[in-house]
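# Descriptive structure summary
As a plain string of letters, each chain reads:
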Amino acid sequence: MSAFVLTPPEPVVSVPDAKAHLRVLHADEDALIATYIAAATAHIDGPDGWLGRAIGIQTLEMRLPTFGNCGAITLPYPPAVDIESVAYVNALGDSVELASDQYELSGGVLRPAWPTSFPVAAWRGAAGETVRIRWKAGYADLPPAIQAAILLMVGDLYANRETAAVGSGSAPIPMSTTVETLLSPLRVFT
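Residues numbered from 1 in each chain as written. Predicted model: local features only at pLDDT ≥ 70, side-chain atom pairs only at ≥ 80, totals over all residues. Heavy atoms only, no water.

### So, the overall build of the protein
Let me state the cut-off plainly: A run of H or I in DSSP becomes a helix once it reaches four residues, and a run of E becomes a strand once it reaches two; helices and strands are each numbered from the N terminus. Within these notes, the globule rule equals 2.2 Å times the number of residues to the 0.38 power, and the radius of gyration is based on C-alpha atoms.
In terms of regular secondary structure, the protein is built from four helices and 10 strands. In the protein, the order of α-helices and β-strands from amino to carboxyl end is β-α-α-β-β-β-β-β-β-β-α-β-β-α. Relative to a compact globule of 190 residues, whose C-alpha radius of gyration would be 16 Å, the protein shows 21 Å and is clearly more extended. By principal-axis analysis of the C-alpha atoms, the protein measures approximately 70 × 35 × 30 Å.

Here's what the structure looks like:
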């Protein structure tokens, strides 16, 4: 299985919110703060993120070699909001898109509409990508713990603009353990 972002989310924390958190009253560093927001968000968001979740509303696509035998497919990177399309390659080699009444989304699980089953996709080996599922995932309202963690990471990046403190002894600057504590209950292990 491979999953990737087709349409990335809009920023989930605004520059004005970050500036209020940082107590910055000028506009001189707005671009820098926006970069820190993007870096902090990318660190935890989506298929490449530590959290294992989609944070802002985004379009994801997953490719599979087959629909499988179980009759249900758990979509990674919750929360799943809506299915955009389900397509597969049939035995003739044609790409076929399922009508939206042929499947349903229940929580983060894609199922064939009752009482049917998914069609048979052409097998092209375990690495074949004959099934493509495209869905929207992410939070319309960001959980407070995620927003607080992003703001803390932005604060760390803003306050510590180098990777090490230089002085009588050079030491690495750790990121806040509070960030991990805030996010751990929401983390999804894939």
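### What to know about the pattern of salt bridges
Note the threshold: By convention in these notes, a salt bridge is any Lys or Arg side-chain nitrogen within 4 Å of a carboxyl oxygen on Asp or Glu. Working definition: with a 1.4 Å probe on protein chains only, accessible area under 20% of the residue-type maximum means buried, over 50% means exposed, and in between means partly exposed.
Counted by the stated rule, this structure contains seven salt bridges. In this structure, R63 engages E61 in a salt bridge whose closest nitrogen and oxygen atoms are separated by 2.8 Å. Of the two residues, R63 and E61, neither departs from the other in class, the shared state being buried. R63 is the partner of E129 in a salt bridge, and the nearest nitrogen-oxygen pair spans 3.5 Å. With E129 in the loop between β7 (109–112) and β8 (131–137) and R63 in strand β2 (residues 58–64), this residue pair connects regions lying 66 residues apart in the sequence. Its relative accessible area of 19% is what places R63 among the buried residues.

### Things to note about the sheet that holds β2
Definition in use: Criterion used throughout: strands pair if DSSP finds at least two bridges between them. Here the axes come from fitting lines to C-alpha atoms, over the contacting stretch only for helices, and the angles between their N-to-C directions go from 0 to 180 degrees.
Pairing within the open sheet is antiparallel, and its five strands lie in the order β1-β2-β8-β4-β5. The open sheet is flanked by β1 (2–7) and β5 (95–97), the only strands paired with a single partner. When the angles between neighbouring strand axes are averaged without regard to direction, this sheet yields 25°. As defined by bridge partners, β2 adjoins β8 across seven bridges and the pair is classed as antiparallel. Looking at β8, one finds that M62 is bridged to I133.

### A look at the packing of aromatic side chains
Under the convention used in this document: Classification of ring pairs uses Phe, Tyr and Trp, with its six-membered ring standing for Trp, and accepts pairs whose centres are within 6.5 Å; under 30 degrees between planes counts as stacked, over 60 as edge-to-face, and the remaining range as tilted. Should the NZ of a Lys or the CZ of an Arg lie within 6 Å of a ring centre and within 35 degrees of the ring normal, that charge is described as sitting over the ring.
All told, the structure shown has two aromatic pairs when counted by the stated rule. A centroid spacing of 4.5 Å and a plane angle of 10° characterise the contact between F67 and F118, whose relative ring orientation is stacked. With F67 in the loop between β2 and β3 (73–74) and F118 in the loop between β7 and β8, this pair connects stretches of sequence that are 51 residues apart. Considered together, F67 and F118 belong to a single accessibility category, that of buried residues. Among the aromatic residues, those joined into a cluster by ring pairs are F67, Y88 and F118. Taking the ring centre of Y158 as reference, the NZ or CZ of R161 above it sits at 4.5 Å.

### Some remarks on the pairing of β8
One face of the sheet, then the other: side chains in a regular strand alternate in exactly this way. Only one face of β8 is buried: it carries V131, I133, W135 and A137, and the other face, with R132, R134 and K136, is open. Note that strand β4 (residues 80–89) and β8 share seven bridges and pair antiparallel. For Y88, the partnering residue across the bridge sits in β8 and is V131.

### Side note on helix α2 (residues 30–44)
Rules: Multiply 1.5 Å by the residue count of a helix minus one, and that product is the helix's expected span. To be clear, the arc concerns the directions from the helix axis to the C-beta atoms. Residues count as neighbours in contact if any of their non-hydrogen atoms are within 4.5 Å of one another.
Counted at 1.5 Å a residue, the expected span for α2 with its 15 residues is 21 Å, and the 22 Å between its end C-alpha atoms agrees. Buried within α2 are the following residues: I33, Y36, I37, A40, T41 and I44. Down the axis of α2, the sector holding all buried residues measures 125°, keeping them to one side. Structurally, α2 contributes buried residues whose contacts are with α1 (15–22), α3 (144–159) and α4 (177–183). G46 sits one or two positions beyond α2 and adopts a positive phi of about 65°.

### Examining the environment of A87
Residue placement: A87 occurs in strand β4. Under the relative-accessibility criterion, A87 is labelled buried at 17%. Once the C-alpha coordinates of A87 and R132 are considered, the two residues, 45 residues apart in sequence, prove to be 5.2 Å apart.

Purely geometric stuff here, so don't read any function into it on its own.
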